[in-house]
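# Commentary on secondary and tertiary structure
Single-letter residue listing:
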Amino acid sequence: MAQWLRDVSVGEWFEAGEEPFEIVGIDADAGVVLVQHFDGSLEEFDFDAWEDLSARPCAPPEDISGALDLDREDYEDRAGGYRGNPLDELNARLDDY
């Protein structure tokens, strides 16, 4: 297994160029890394292409609406305050099962 693969895991954010993307899958048997860009589009890199990409870890975007196809009012309360990341609530519900 490639050394860099030990340092990459699902849920981490990277950037190569200007656009950040999240690792959403790693298939060591097939030799691919699946990423989701901020706009929701998916892309697959074979291990050689991933190494050539020279992606660097980065912080997740503050505005989570891109990939979720949400408008800001979808995750703001009626008073205009931020309610938090809608995925946190979903994850909490899934943890209860």
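Residues numbered from 1 in each chain as written. Predicted model: local features only at pLDDT ≥ 70, side-chain atom pairs only at ≥ 80, totals over all residues. Heavy atoms only, no water.

### Some words on the packing of aromatic side chains
Selection rule: Aromatic rings from Phe, Tyr and Trp, with only the six-membered ring used for Trp, were paired whenever their centres fell within 6.5 Å, and each pair was classed as stacked if the ring planes differed by under 30 degrees, edge-to-face if by over 60, and tilted otherwise. Helix and strand assignments come from DSSP, with helices taken as H or I runs of at least 4 residues and strands as E runs of at least 2, each series counted from the N terminus. Per-residue accessibility, obtained with a 1.4 Å probe over protein chains only, is compared with the maximum for each type, and a residue is labelled buried under 20%, exposed over 50%, and partly exposed between these values.
Inspection of every chain in the model, using the stated rule, returns 3 aromatic pairs. Judged by centre distance (6.0 Å) and plane angle (80°), the ring pair of F21 and W50 falls under edge-to-face. Taken together, the positions of F21 in strand 2 (residues 20-27) and W50 in helix 2 (residues 47-53) put the pair 29 residues apart, joining distant regions of the chain. Here the two residues F21 and W50 agree in accessibility, since each one is buried. Residues F45 and W50 carry aromatic rings whose centres are separated by 6.1 Å and whose planes lie at 65° to one another, so their mutual orientation is edge-to-face. As far as the burial class goes, F45 and W50 line up, both buried. Pairwise contacts between aromatic rings join F14, F21, F45 and W50 into one cluster.

### What about the nonpolar core?
Selection criterion: Only buried Ala, Val, Leu, Ile, Met, Phe, Trp, Tyr and Cys residues count toward a nonpolar core, and they belong to the same one when joined by side-chain atoms within 4.5 Å.
Core analysis: the biggest nonpolar cluster contains 11 residues, these being L5, V8, F14, F21, I23, V33, V35, F45, F47, W50 and A55. Mapped onto this core, the elements with two or more residues apiece are strand 2, strand 3 (32-37) and helix 2.

### Concerning the pattern of salt bridges
Filter applied, for reference: Definition used for salt bridges: Asp or Glu carboxyl oxygen within 4 Å of a side-chain nitrogen of Lys or Arg.
The full count for this structure, using the stated rule, is 1 salt bridge. Between R56 and E15 there is a salt bridge; the shortest N-O distance is 3.7 Å. Of the two residues, R56 is situated in strand 5 (residues 56-57) and E15 in strand 1 (residues 13-15); the sequence distance between them amounts to 41 residues.

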